[in-house]
Amino acid sequence: MADERDLAHQGEKSANIYAEWLQESADFRADYRKRFTVIKAKDMPFESSPDGLLKHMVHEKLNTTECCLDVYMQFLPPGGTSGKSRKLAEQIFYVAEGKGYDLHWDVNFEVDVEFAWSWAEEPKKYEWVKGDFVFIPAYCIKQHFNADNDNEARLIVMTNRIFKAMGLDWVE
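Bear in mind that the values here come from a model prediction, so they are computed numbers and not experimental data.

Thresholds, definitions, all that
- Residues numbered from 1 in each chain as written.
- Predicted model: local features only at pLDDT ≥ 70, side-chain atom pairs only at ≥ 80, totals over all residues.
- Heavy atoms only, no water.
- 1 Å grid on protein atoms, 1.4 Å probe; cavity = no way out; pocket = protein on both sides within 12 Å on 5 of 7 lines; lining within 4 Å.
- Points joined across faces, edges and corners; volume = space filled by probe spheres on them.
- Helix = DSSP H or I, 4+ residues; strand = E, 2+ residues; numbered from the N terminus.
- Nonpolar A, V, L, I, M, F, W, Y, C, P; charged D, E, K, R; others polar.
- Pairing = 2+ DSSP bridges.
- Axes fitted to C-alpha atoms, helices over the stretch in contact; angles between N-to-C directions.
- Buried < 20%, exposed > 50% of the residue type's maximum accessible area, 1.4 Å probe, protein only.

Colleague: An account of the layout of surface pockets is requested, with residue identities and associated values reported.
Modeller: Considering only enclosed or pocket space, the largest pocket measures out at about 560 Å³ in volume. Lining the largest pocket are 27 residues, with His59, Asp70, Tyr72, Lys87 and Val171 sitting closest to its centre. Every element with two or more residues in the lining of the largest pocket is listed here: β1 (46-49), β2 (52-58), β3 (69-76), β11 (153-160) and α3 (162-165). A class-by-class count of the residues in the lining of the largest pocket yields nine nonpolar, seven polar and 11 charged.

Here it is in structure tokens:
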């Protein structure tokens, strides 16, 4: 059986991975200096999505200096709801305006030979008002409800972008 020291020196392939990494880092730093530090309200794009009306505030496609978070404002019409969705990454949101509640169907999982995933049959209800922060656990199914039939609610939703870089950008 070969000694590890002998195995370590086997092979004929070569690469420039480290040199390319250095160049990519230099290119990133040069590009980063050109990115936006301030995004004006008029430059934040709206999107009609399955989760409702969104105004993107920070997103990698907006070329901002923020590299770890995606942030959008979510509008809930009077008495309205968002879509039902789940993301592998945790989320938090700040209630900028309004009052309402969330329903969260938490994930249950077991690790044995295989992963086993299931979601709570009955959701947990979390009430919120202007000024509150709400935490949404990873892979939780959630839905927002505006409890005010006369006024819109606005939520500032923040999602960790790092999961995407790790290949775990699961959004349903």
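Colleague: I'd like a rundown of the sheet that holds strand β9 (residues 133-136), residues and numbers included.
Modeller: Ordered by their spatial adjacency, six strands build an open sheet running β1-β2-β3-β11-β4-β9, and the pairing between neighbours is antiparallel. Looking at the sheet topology across the chains shown, the edges are occupied by β1 and β9. Averaged over all pairs of adjacent strands, the angle between their axes in this sheet comes to 30 degrees, without regard to strand direction.

Colleague: A description of the pairing of strand β5 (residues 99-105) should follow, citing residues and the corresponding values.
Modeller: The element β5 is extensively covered by neighbouring structure, given that five of its seven residues are classed as buried. Where β5 lies against strand β8 (residues 124-129), six bridges are found, and the strand directions are antiparallel. For Asp102, the partnering residue across the bridge sits in β8 and is Tyr126. As judged from the six bridges shared by β5 and strand β10 (residues 141-146), these two strands associate in the antiparallel manner. Counterpart to Trp105 in the pairing with β10 is Ile141.

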